[in-house]
Amino acid sequence: SFCTLLSSLNTLNFKLSTSTIMTTNPIIAEYIWLSGADTHHDIRSKSRTLYLNDEEFQMSPAELLAAGKFPEWNFDGSSTNQAKGLNTEIALKAVAAYPHPFEKSVRTLAVLAECYVADGSEPTIDNTRAVARSVFDADTENSEPWFGLEQEYVLQHKEGRCLGWPERGFPYAQGPYYCSNGPVAYGRNLVVAHYEKCLQMGLKISGTNAEVMPGQWEYQVGPCTGIECGDHMVLSRWVYLRLLEDIGTFGLDMDVNFEVKPVKGDWNGSGLHTNFSTRQMRDPNGGMAAITEAVKRLENTVHLDVPFHGQNNNERLTGLHETSSYSDFTWGVGTRHTSVRIGNDVAAKGYGYFEDRRPGSDADPYLLSASLFSSSCAIPAPKLHALIPKYTRAWMGDLKNASKKAE
């Protein structure tokens, strides 16, 4: 847009006028933001040229961010369904920066940004990162919350057929696909390319594997601290969208499906299992007591947490396919059919983490992580809880009466 060109020219003119011997090095900054419909496909971006002197050009993305080298920007919110009326401008404020995994011929950075109202005074109503920040900032115990997210998803053709599935009918029943190799590991070329791009970007992706349903995969993000969890998950999803733009490389017209139950019937759904710990839980002296206390708190917050686990998660949490019921809170050691699992290794050591197995694959990682932290650690979260009506679905019913069971 013209405002982008004008801003770039003003930046260059300032540098040239203040130092005749200063060398200006152009870089590309791609600003990436969420527009509110979801956190996996409604990810927007646009790019601009920035000019750095020789010293700045040697800085890392994080150093450039700390030095304020990514100026506030804006876009037309009416085109993303984020604004109506006469003044539809939405401000973008940079909050994180990384090496760009796709553009190489010119130095390019991926800049994660939050959305603010036009004058920059407050976050937009769909800025869930700002809501999550309010929860993490309310921690007075120096809890150092760590998260590890297990993102399940399905690769599919754009007409809706899962990768590896016949055009008519169904593939062989589940069994040979989980952690498979060979001809039933459908889409490994895409999976490995995504894995490598995330690592090149500096995202904390820690592994990947084929999942139970054919065409279904998982990758893990973490351990991440606090808000970093949501940042790295959102950007890992963005990497997949950018990767799948390149049809020629893979010869497939593909999309990535984050629905919690992409195929109805006797097929596994897709989750976002969330592994969580605090400094107190990781302490060899008293860690298990802190874990147990946190899990027992979750027995009483089902109505506060489930709304942030995915909009159709009832289709997945049926008690089948290694899931619990969404309305009954259960937990145990080594169990995979419960709401929360404490690993056998954790129980043996007496400290570590627990896994919340309820969240669905399409969950907002900012709201999900903030909710788990708030509920398990008794952190005040008024801004988060104000969003519950927006995320509540008819199937959730009266979750306040969810039963409390420990296996």
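Report on the accompanying structure. (Residues numbered from 1 in each chain as written. Predicted model: local features only at pLDDT ≥ 70, side-chain atom pairs only at ≥ 80, totals over all residues. Heavy atoms only, no water.)

What follows covers the overall build of the protein. Within the protein, the regular secondary structure consists of 13 helices and 15 strands. Taken against the 2.2 N^0.38 rule, which gives 22 Å for 407 residues, the C-alpha radius of gyration of the protein at 22 Å falls within 12% of a compact globule. Counting only C-alpha atoms, the protein reaches 70 × 55 × 45 Å along its principal axes. Of all 407 residues assigned to the protein, the portion counted as buried reaches 54%. Of all intrachain contacts in the protein linking residues separated by at least 6 positions in sequence, the fraction that spans at least 24 positions is 69%. Counting only carbon and sulfur atoms, one obtains 52% of the accessible surface of the protein, whose full area is about 17900 Å². Computed over 37 positive and 48 negative side-chain charges, the separation of the two mean positions in the protein equals 1 Å. (Helix = DSSP H or I, 4+ residues; strand = E, 2+ residues; numbered from the N terminus. Rg over C-alpha atoms; globule rule 2.2 N^0.38 Å. Buried < 20%, exposed > 50% of the residue type's maximum accessible area, 1.4 Å probe, protein only. Contact = heavy atoms within 4.5 Å. Areas by Shrake-Rupley, 256 points an atom, 1.4 Å probe, with all protein chains shown as cover. Lys, Arg positive; Asp, Glu negative; His and termini not counted. Charge placed at Lys NZ, Arg CZ, Asp CG, Glu CD.)

With their axes 10 Å apart at the nearest point, helix 5 (residues 188-201) and helix 6 (residues 228-243) run at an angle of 125° to one another. Between helix 5 and helix 6, the interaxial angle falls into the category oblique. Considering how the two elements wind past one another, helix 5 and helix 6 form a crossing that is right-handed. The segment helix 5 lies against helix 6, with Leu190, Val191, Ala193, His194, Lys197, Cys198 and Met201 engaging Leu235, Ser236, Trp238, Val239, Tyr240 and Leu243. (Axes fitted to C-alpha atoms, helices over the stretch in contact; angles between N-to-C directions. Parallel < 35°, antiparallel > 145°, perpendicular 65-115°, else oblique. Left-handed = near helix turned anticlockwise from the far one by under 90°.)

Moving on to the nonpolar core. Core analysis: the biggest nonpolar cluster contains 78 residues, and Tyr153, Leu155, Tyr240 and Phe354 have the highest contact counts within it. Sorting elements by how many residues they give to this core places helix 6 first, with nine residues. Counting residues in each nonpolar core, the second largest holds 19 residues, with Tyr31, Leu50, Met59 and Trp73 among its members. (Core = buried A, V, L, I, M, F, W, Y, C linked by side-chain atoms within 4.5 Å.)

Further remarks concern the pattern of salt bridges. The tally for this structure, following the rule as stated, stands at 17 salt bridges. Glu144 serves as the salt-bridge partner of Arg282, at 3.5 Å between the closest nitrogen and oxygen. Of the two residues, Arg282 sits in the loop between strand 10 (272-277) and helix 8 (287-298) while Glu144 sits in the loop between helix 4 (128-136) and strand 6 (146-157), which places them 138 residues apart along the sequence. A salt bridge links Arg357 to Glu355; the shortest N-O distance between them is 3.3 Å. The buried category is assigned to Arg357, whose relative accessible area is 7%. According to the relative accessible area criterion, Glu355 is buried, its value standing at 2%. Because the salt bridges share partners, they merge into one network encompassing Glu30, Glu103, Arg242 and Glu245. (Salt bridge = Lys/Arg side-chain N within 4 Å of Asp/Glu carboxyl O.)

With that out of the way, let us pick up the packing of aromatic side chains. Applying the stated criterion across every chain, the model contains 16 aromatic pairs. Seen from their ring centres, Phe136 and Phe373 are 5.5 Å apart, and the 20° between their planes marks the pair as stacked. Here Phe136, found in helix 4, pairs with Phe373, found in helix 11 (residues 365-377); they are 237 residues apart in sequence, far enough to count as distant. For the pair formed by Phe136 and Phe373, the shared burial category is buried. Linked through ring pairs, Phe136, Phe147, Phe276, Phe354 and Phe373 together constitute an aromatic cluster. Looking at Arg48, its charged tip hangs above the ring of Trp73, at a distance of 4.8 Å from the centre. Over the face of the ring belonging to Tyr351 we find Lys349, whose NZ or CZ atom lies 4.8 Å from the ring centre. (Phe/Tyr/Trp six-rings, centres within 6.5 Å; stacked < 30°, edge-to-face > 60°. Lys NZ or Arg CZ within 6 Å of the ring centre and 35° of its normal.)

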